[in-house]
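Results of the structural survey
As a plain string of letters, each chain reads:
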Amino acid sequence: MQNSTSKDPLHGITLKSIVEQLVAYYGFDTLGELVKIKCFRDNPSVKSSLTFLRKTDWARQQVEELYVKTIPKFSK
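As annotated in an unreviewed UniProt entry, the chain carries the name DUF2132 domain-containing protein and is attributed to Flavobacterium turcicum.

What follows is the structure, encoded as structure tokens:
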């Protein structure tokens, strides 16, 4: 039997976890500069961000790409 580990860095990680970790690392101010979406700039919250990101594929993709680039920094 083969060991089938996923090469997808987002495998098993929820969108909520991604947003919470990015907010904890960058804060909403910096996150709003890195990913130019209104839910990170105007009256931001994790809940409103998740609602928007679940409906908007291009924004979710940008957040996921930022997360993948930031993963090595989380372990430091």
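1. Some words on the overall build of the chain
A tally of regular secondary structure across the chain gives four helices and zero strands. In sequence order, the chain lays out its α and β elements as α-α-α-α. Projected onto its principal axes, the C-alpha coordinates of the chain cover approximately 50 × 30 × 15 Å. Looking at the chain residue by residue over its 76 residues, the buried ones come to 32%. Considering only contacts in the chain between residues 6 or more positions apart, those separated by 24 or more positions represent 56%. Within the structure as shown, the chain displays about 5,500 Å² of accessible surface, and the carbon and sulfur contribution to it stands at 50%. The centroid of the 12 positive side-chain charges in the chain is displaced by 2 Å from the centroid of its 8 negative side-chain charges.

2. Focus: the packing of aromatic side chains
Inspection of every chain in the model, using the stated rule, returns three aromatic pairs. Note on Y25 and Y26: the rings are 4.9 Å apart at their centroids and 90° apart in plane angle, and the pair reads as edge-to-face. Note on Y25: relative accessible area 39%, which makes it partly exposed. Geometrically, the ring pair formed by F28 and F40 is tilted, given 6.1 Å between the ring centres and 45° between the ring planes. Taken together, the positions of F28 in helix 1 (residues 15–34) and F40 in helix 2 (residues 38–41) put the pair twelve residues apart, joining distant regions of the chain.

3. A closer look at the environment of N43
Tracing the chain through its elements places N43 in the loop between helix 2 and helix 3 (46–55). A relative accessible area of 72% places N43 in the exposed class. In the structure, N43 is positioned 15 residues away from F28 in sequence and 9.5 Å away in space, judged by C-alpha atoms.

4. Side note on helix 1
Compared with an ideal rise of 1.5 Å per residue, which puts 20 residues at 28 Å, helix 1 spans 17 Å between its outermost C-alpha atoms and falls more than 12% short. Within helix 1, the full set of buried residues consists of L15, I18, V19, L22, V23, Y26, F28, L31 and G32.

5. A few points about the environment of L66
By the secondary structure assignment, L66 is in helix 4 (residues 57–74). Between the alpha carbons of L66 and L34 there is a distance of 8.2 Å; along the sequence they are 32 residues apart.

Procedures and definitions
Residues numbered from 1 in each chain as written. Predicted model: local features only at pLDDT ≥ 70, side-chain atom pairs only at ≥ 80, totals over all residues. Heavy atoms only, no water. Helix = DSSP H or I, 4+ residues; strand = E, 2+ residues; numbered from the N terminus. Buried < 20%, exposed > 50% of the residue type's maximum accessible area, 1.4 Å probe, protein only. Contact = heavy atoms within 4.5 Å. Areas by Shrake-Rupley, 256 points an atom, 1.4 Å probe, with all protein chains shown as cover. Lys, Arg positive; Asp, Glu negative; His and termini not counted. Charge placed at Lys NZ, Arg CZ, Asp CG, Glu CD. Phe/Tyr/Trp six-rings, centres within 6.5 Å; stacked < 30°, edge-to-face > 60°. Expected span 1.5 Å × (residues − 1).

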